[in-house]
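Each chain, letter by letter, is given below.
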Amino acid sequence: MRDSEREQRHDCPSREAVIDSTPSERRGNPVNRKIIVGVDDLAASEAALKWALSRAEALDCPVSIVHTVQSAWLAEGYGYYDMILNEEQSLVRQIGDRATELAPEVDTTAMLRTGTAPRVLSQLSEDASIVVVGTDRKTSFNGDFFGSASLQIAALSSCPVAVIPQLSSGDRSGVVVGVDGSEDSIVAVEFAAAEADRTGQELTAVYAARIPTQRVLRHIPESSVAERLDEERTVLAECVAGLTSRYPDLTVHQVLSTEGTPASALLRAAADAQLLVVGSHGRGVISRLWMGSVSHEVLGQAPCPTVITRTKHHR
């Protein structure tokens, strides 16, 4: 039997193991506000779960906790079929119980789905406000929700995706957003500004100007370089124009970086940030997995919780 056939068969309602850890009287919040959090049994999932539950508490919205098992390992008729299902369902119950322990007031549903994590979560993202997954740079190829899988989820999702790394204890503050004047970065700015205002954080907009190498610069008059940088500052200012009128209490900083790549500028700025926000594409995109090279590089080294926003034409 082909993997695709197994996924279709086991992903139907009769084969889906759903464990609801919340009383029925507390359900019914609008589906478009739901948070989806992808989990597995590795430690990084705990960080993603805590982040999702904290957001749900603040926004008063439900959380769907999703664990996946690849259908290739669930060939009905083999002796290990029931053993795997039972063990994975037990894990889902444990994660559901952990969510209730962490946030008893949040409406949570824990479910086991068959298929790959990117495919399952991208389907569920169509009815979600955000998808939350973990990442672990030290074990970038272990587990369905780590490394390359989290990149695929961010690329395929219909809604914003938050990738939550394991972080050492310490104070973090501020929301950082990458801008470049593209439609994608404008969407990222809107999301970041709303988050900064909601959480009482300052917003820093980072624009990385593309400066030629020194070999090229020595042939360009200094006045021309200065003029070009002034144009870049104008683009940066336009990206955040109007934010303070909509969010009177929001402090907005503008940073024009001329050192290194756009990704390295964002990583430096967000080293101690509470949140980093980038668009899924941008100006001068080199596409990989339908996601811009900057967001791809940033996710691979996420220094803090990082949200990849989506624009309608990428869904």
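Cut-offs used in this document
Residues numbered from 1 in each chain as written. Predicted model: local features only at pLDDT ≥ 70, side-chain atom pairs only at ≥ 80, totals over all residues. Heavy atoms only, no water. Buried < 20%, exposed > 50% of the residue type's maximum accessible area, 1.4 Å probe, protein only. Helix = DSSP H or I, 4+ residues; strand = E, 2+ residues; numbered from the N terminus. Pairing = 2+ DSSP bridges. Axes fitted to C-alpha atoms, helices over the stretch in contact; angles between N-to-C directions. Parallel < 35°, antiparallel > 145°, perpendicular 65-115°, else oblique. Left-handed = near helix turned anticlockwise from the far one by under 90°. Contact = heavy atoms within 4.5 Å. Nonpolar A, V, L, I, M, F, W, Y, C, P; charged D, E, K, R; others polar. Right-handed = clockwise from strand over helix to strand, strands pointing away. pLDDT = per-residue confidence, 0-100. Salt bridge = Lys/Arg side-chain N within 4 Å of Asp/Glu carboxyl O.

> Before we go on, may I ask you to explain the pairing of strand β10 (residues 275-279) in this structure?
Looking along a regular strand, one sees side chains alternate from face to face of the sheet. Burial analysis of β10 places 5 of its 5 residues in the buried class, the great majority of the element. A two-sided burial pattern is seen for β10, the buried positions comprising L275, V277 and G279 on one face and L276 and V278 on the other. As judged from the 3 bridges shared by strand β7 (residues 175-178) and β10, these two strands associate in the parallel manner. Residue pairing for β10: V176 is matched across the bridge by L276.

> Looking at this structure, I do not really get the packing of helix α10 (residues 262-269) against helix α11 (residues 293-300). What am I missing?
A pair of packed helices is captured by two measures, namely the crossing angle of their axes and the spacing between those axes. It is the contact of α10 with α11, at a shortest axis distance of 9 Å, that shows an interaxial angle of 40 degrees. The orientation of α10 with respect to α11, classified from their angle, is oblique. Pair α10 / α11 crosses with right-handed handedness. Every residue of α11 that contacts α10 at P262, A263, L266 and L267 is listed here: V294, E297 and V298. Across the contact of α10 with α11, the residue classes break down as 6 nonpolar, no polar and 1 charged.

> I keep staring at the pairing of strand β8 (residues 203-208) and nothing clicks. Help me out?
For β8, the buried fraction is high: 6 of the 6 residues fall into the buried class. A two-sided burial pattern is seen for β8, the buried positions comprising L203, A205 and Y207 on one face and T204, V206 and A208 on the other. Considered for its hand, the β-α-β crossover made up of β7, helix α6 (residues 183-199) and β8 is right-handed. Two strands pair when backbone bridges link them, and β8 and strand β9 (residues 252-257) are joined in this way by 6 bridges, in the parallel orientation. Across the sheet, residue A208 finds its bridge partner in β9, namely S257.

> Help me understand the confidence of the model for the chain, please; the structure alone is not making it clear to me.
Low pLDDT means the predicted coordinates in that region are not meant to be read closely. Residues at a pLDDT of 70 or more form 71% of the chain, whose mean pLDDT is 78. Per-residue pLDDT stays below 50 along residues 1-32; that stretch engages in 66 contacts with residues further than four places along the chain or on separate chains. Here residues 137-147 is a poorly scored stretch, pLDDT under 50, and it has 37 contacts once near neighbours within four places are set aside; other chains count.

> How should I be thinking about the pattern of salt bridges in this particular structure?
A side chain of one charge can pair with a side chain of the opposite charge if their charged atoms are brought near each other. This structure, assessed with the given rule, holds 7 salt bridges. Note that E46 is salt-bridged to K50, the shortest N-O span being 3.7 Å. Here the residue E46 and the residue K50 both occupy positions in helix α2 (residues 44-59), the gap between them amounting to 4 residues, near one helical turn. In this structure E46 comes out as partly exposed when scored by relative accessible area, which is 27%. We note a salt bridge from R55 to E195, for which the minimum N-O separation is 2.9 Å. Of this pair, R55 sits in helix α2 while E195 sits in helix α6; the two residues are 140 residues apart in sequence, bridging distant segments of the chain. Overall, R55 belongs to the buried group, its relative accessible area being 10%. Exposure remark for E195: the relative accessible area of 8% places this residue in the buried category. Taken together, the shared-partner salt bridges connect E46, K50, R98 and E101 into one network.

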